Amino acid sequence: MKLLLLMSVALGCVALSFAWKEPWIGGVGLLVAFVAMFTDRDDVRLDDEKRSYETTSSVRNMRGKHR
């Protein structure tokens with residue numbers, strides 16, 4: 001949700017820079033976009049964190065033997 005909000009603010013700033021002919025507003029928008037990209041968290045859990053029966057290394061070893 002935070003990423004969507006920050007990206008919409010960034011897009012709004014870039015659009016305002018074209019409408020008002022003020023280039024610094026576009027720069028602020030680009031800075032907000034970079035902050036949004038680099039502070040976005042990817043909460044995808046790994047197989048080891050899910051307490052699954054097979055670990056990622058065992059799956060990798062099994063796939064390597066059959067190829």
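These figures come from a predicted structure and were not determined experimentally.

A.B. asks: Run through the overall build of the protein chain, naming residues and quoting values.
C.D. replies: Looking only at helices and strands, one finds three helices and zero strands in the protein chain. Element order for the protein chain, N to C, with α for helix and β for strand: α-α-α. Of the roughly 6100 Å² that the protein chain leaves accessible, carbon and sulfur atoms contribute 65%.

A.B. asks: An account of a nonpolar patch on the surface is requested, with residue identities and associated values reported.
C.D. replies: Together, Leu3, Met7, Leu30, Phe34, Met37 and Phe38 line one region of the surface with nonpolar side chains, adding up to about 620 Å² of accessible area. Contributions of two or more residues to the nonpolar patch are made by α1 (2-20) and α2 (23-38). Ranked by residues supplied to the nonpolar patch, first place goes to α2 with four residues. Along the chain, Phe34 turns up in helix α2. Given a relative accessible area of 45%, Phe34 falls into the partly exposed group.

A.B. asks: Lay out the packing of aromatic side chains with the relevant residues and their values.
C.D. replies: Counted under the stated rule, the structure contains one aromatic pair. Considering the side-chain rings of Phe34 and Phe38, the 6.4 Å spacing of their centres and the 15° angle between planes classify their relative orientation as stacked. Taken as a pair, Phe34 and Phe38 lie in helix α2 at a separation of four residues, close to a single helical turn.

A.B. asks: Report on the side chain of Ser17, specifying residues and quantitative values.
C.D. replies: When you line up the elements, Ser17 lands in helix α1. Judged by its relative accessible area of 12%, Ser17 falls in the buried class. Apart from residues no more than four positions distant in its own chain, Ser17 is found in contact with Glu22, Ile25 and Gly26.

A.B. asks: Just give me the short version of the packing of α1 against α2, but keep the residues and values in it.
C.D. replies: A pair of packed helices is captured by two measures, namely the crossing angle of their axes and the spacing between those axes. Two numbers describe how α1 lies on α2: the axes approach to 7 Å, and their chain directions differ by 165°. Of the possible angle classes, the one that applies to α1 and α2 is roughly antiparallel. Read as a crossing pair, α1 and α2 show a hand that is left-handed. Two secondary-structure elements touch here, α1 through Leu3, Leu6, Met7, Val9, Ala10, Cys13, Val14, Leu16, Ser17 and Trp20 and α2 through Ile25, Gly26, Val28, Gly29, Leu30, Val32, Ala33, Ala36 and Met37. Of the residues that constitute the contact of α1 with α2, the class distribution is 16 nonpolar, three polar and no charged.

About the thresholds
Residues numbered from 1 in each chain as written. Predicted model: local features only at pLDDT ≥ 70, side-chain atom pairs only at ≥ 80, totals over all residues. Heavy atoms only, no water. Helix = DSSP H or I, 4+ residues; strand = E, 2+ residues; numbered from the N terminus. Areas by Shrake-Rupley, 256 points an atom, 1.4 Å probe, with all protein chains shown as cover. Patch = residues over 30% accessible without salt bridge, like charges linked within 9 Å, V, L, I, M, F, W, Y side chains within 5 Å. Salt bridge = Lys/Arg side-chain N within 4 Å of Asp/Glu carboxyl O. Buried < 20%, exposed > 50% of the residue type's maximum accessible area, 1.4 Å probe, protein only. Phe/Tyr/Trp six-rings, centres within 6.5 Å; stacked < 30°, edge-to-face > 60°. Contact = heavy atoms within 4.5 Å. Axes fitted to C-alpha atoms, helices over the stretch in contact; angles between N-to-C directions. Parallel < 35°, antiparallel > 145°, perpendicular 65-115°, else oblique. Left-handed = near helix turned anticlockwise from the far one by under 90°. Nonpolar A, V, L, I, M, F, W, Y, C, P; charged D, E, K, R; others polar.

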